[in-house]
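Letter by letter, the chains look like this.
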Amino acid sequence: MAPAKGLSDDQRFALIKFRRSMADVLQPHHDDHYLLRWLRARNWDAAAAEKMMRDSLRWREKYQVDALLEWQPPEVLDKYYPSGLSGYDAEGSPVVVVPFAGLDIFGILNSVSKREFIQMTVKQMETYLFLGRQQAKQHGEGALGVVTIIDMANFNLRQWAWRPAGDVVVSLLQMYEANYPEILKNCYIINAPRVFSIAWSVVKNFLNDYTQSKIHIYKADPAKWQASLLQNIPADQLPRYFGGTMEDASGDAHCSAKIKQGGKVPKEYFQKQDVERRNDQSTVETAVVKKGGKLKLDYIAAQTGTFLKWEFRTEGHDIRFSVTMKDADGNCSTLVPLKRVGSHEAEEVGFITCPAPGTYTVVFDNTYSYLRSKKLHYSIGMAPPLSCDGEDGDDGVEDTRFRGELSDARLVQTAG
């Protein structure tokens, strides 16, 4: 392979410098194509790319990533982790299908640890990257990327507003961006419902421009997304449901024998102690809001009537506070106007009832202070709407799974 072709002189020099600086740790598969991924991720800064790659190599060693190909996951993950290899695209890259609605994140995280769930995800990525390298030997470097089809049909936003689920999302996104630069060839998100825009507005904050450019989002219009898939993936490499010609021996258009569909995890897999521990976690956190800066915390409300509750105090000085929202159509509104709060004198406590599903942003504003940073202690969480009849919500998730919890649904924290 010779991916260094087409580079400018400065880029070629950066590649040479990067290869020399990493010579002590390079492995046979660390060719130019591999090294260029790290350089592009750091805008051709060889020193920054070296730091990123060395940090990633330490991560791989610490978590024994290379051994995960042989790791046998717990039975519940083996049965209920929805994904599978569909086939290969026109250039030989692996095509992975993820029936996202089949991921019962509540059931899985109450059956295995967060670490095991992340290990399962890393095992999947490492498996497909290995397949891509094997395919590249026959088809060329075009096979080195991974193509992903994420089917959002029947997407349930509510379970992703549960705090442990949000924590896993953050961990996976941060792990991906830090250790797998530019491996995504294309990602097709299909059958995206209206409420998906709420989750996407939060998730995309963690993705760099390259990753976002590879993601194509389609609503529930099979004519459009099937045509798009077939432009790059041969029909005999796609299940019939996705516009291809593949089906199971039983005639299943989803090829469920090949692509695991997931499903609701039986309660016999639940680990009681872990359930109690997760539901009893303290939500008090501490942060420093820098002078002239802001702290923004995004939360997802999956249902109208969800309660957003806050308690906070500052040390020594006051701070400004507000709450805004963005709904599924991208409309923004202010729910708690920005005002100075004497939270250094008494703890500030309050709540609002969320008027619609959306992303709710809690803002601690210190832009008016040019001399002092503010130390902040806060506890913010979301609780489901009150239910008088005990019936399931409109999204089909049992209220008993969430009722009574102060579910901290924070997915992203940014300092302005």
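All values reported here derive from a predicted model rather than from experimental measurement.

Student: How do you make sense of the packing of aromatic side chains when you look at a structure like this?
Tutor: Applying the stated criterion across every chain yields a total of 20 aromatic pairs. Considering the side-chain rings of Trp59 and Tyr63, the 6.4 Å spacing of their centres and the 50° angle between planes classify their relative orientation as tilted. Overall, the relative accessible area of 31% leaves Tyr63 in the partly exposed class. By the ring-pair criterion, three or more aromatic residues cluster together here, those being Phe100, Phe155, Trp160, Phe196 and Trp200.

Student: For this particular structure, what's the right way to read the layout of surface pockets?
Tutor: The space that makes up the largest pocket amounts to roughly 880 Å³. If you trace the largest pocket, you find 40 residues lining it, with Tyr34, Arg37, Leu129, Arg133 and Leu144 closest to the centre. Secondary-structure elements contributing two or more residues to the lining of the largest pocket are α2 (32-41), α3 (46-62), α6 (114-139) and β4 (184-190). Per-element accounting of the lining of the largest pocket gives the leading share, seven residues, to α6. Among the residues forming the lining of the largest pocket, the class breakdown is 18 nonpolar, nine polar and 13 charged. Here the lining of the largest pocket spans two domains, and each of domain 1 (9-63) and domain 2 (68-269) adds at least three residues to it.

Student: What is the right way to read the pairing of strand β9 (residues 319-327) from this model?
Tutor: The side chains of a regular strand alternate, first on one face of the sheet and then on the other. Bridge count for β9 against strand β10 (residues 332-341) is seven bridges, and the pairing is antiparallel. Looking across to β10, one finds that Phe321 is bridged to Lys339. Where β9 and strand β12 (residues 358-365) come together, eight bridges link them in antiparallel fashion. By the bridge assignment for β12, Phe321 is matched with Phe364.

Student: Just to check I follow, could you spell out empty space enclosed by the protein for this structure?
Tutor: Picture a little ball the size of a water molecule; that probe, rolled over the atoms, points out where space is still empty. The final tally for this structure, using the stated rule, is three cavities of 30 Å³ or more. Looking at the largest cavity, its volume works out to about 1,100 Å³. Residue lining of the largest cavity: 38 residues in total, with Phe100, Thr121, Ile150, Leu172 and Leu173 positioned closest to the centre. Broken down by secondary-structure element, the contributors of at least two residues to the lining of the largest cavity are β2 (94-99), α6, β3 (146-151), α7 (163-179), β4 and α8 (196-203). Each residue belonging to the lining of the largest cavity can be placed in one class, and the counts come to 33 nonpolar, five polar and no charged.

Conventions used here
- Residues numbered from 1 in each chain as written.
- Predicted model: local features only at pLDDT ≥ 70, side-chain atom pairs only at ≥ 80, totals over all residues.
- Heavy atoms only, no water.
- Phe/Tyr/Trp six-rings, centres within 6.5 Å; stacked < 30°, edge-to-face > 60°.
- Buried < 20%, exposed > 50% of the residue type's maximum accessible area, 1.4 Å probe, protein only.
- 1 Å grid on protein atoms, 1.4 Å probe; cavity = no way out; pocket = protein on both sides within 12 Å on 5 of 7 lines; lining within 4 Å.
- Points joined across faces, edges and corners; volume = space filled by probe spheres on them.
- Helix = DSSP H or I, 4+ residues; strand = E, 2+ residues; numbered from the N terminus.
- Nonpolar A, V, L, I, M, F, W, Y, C, P; charged D, E, K, R; others polar.
- Domains from an automatic or database assignment.
- Pairing = 2+ DSSP bridges.

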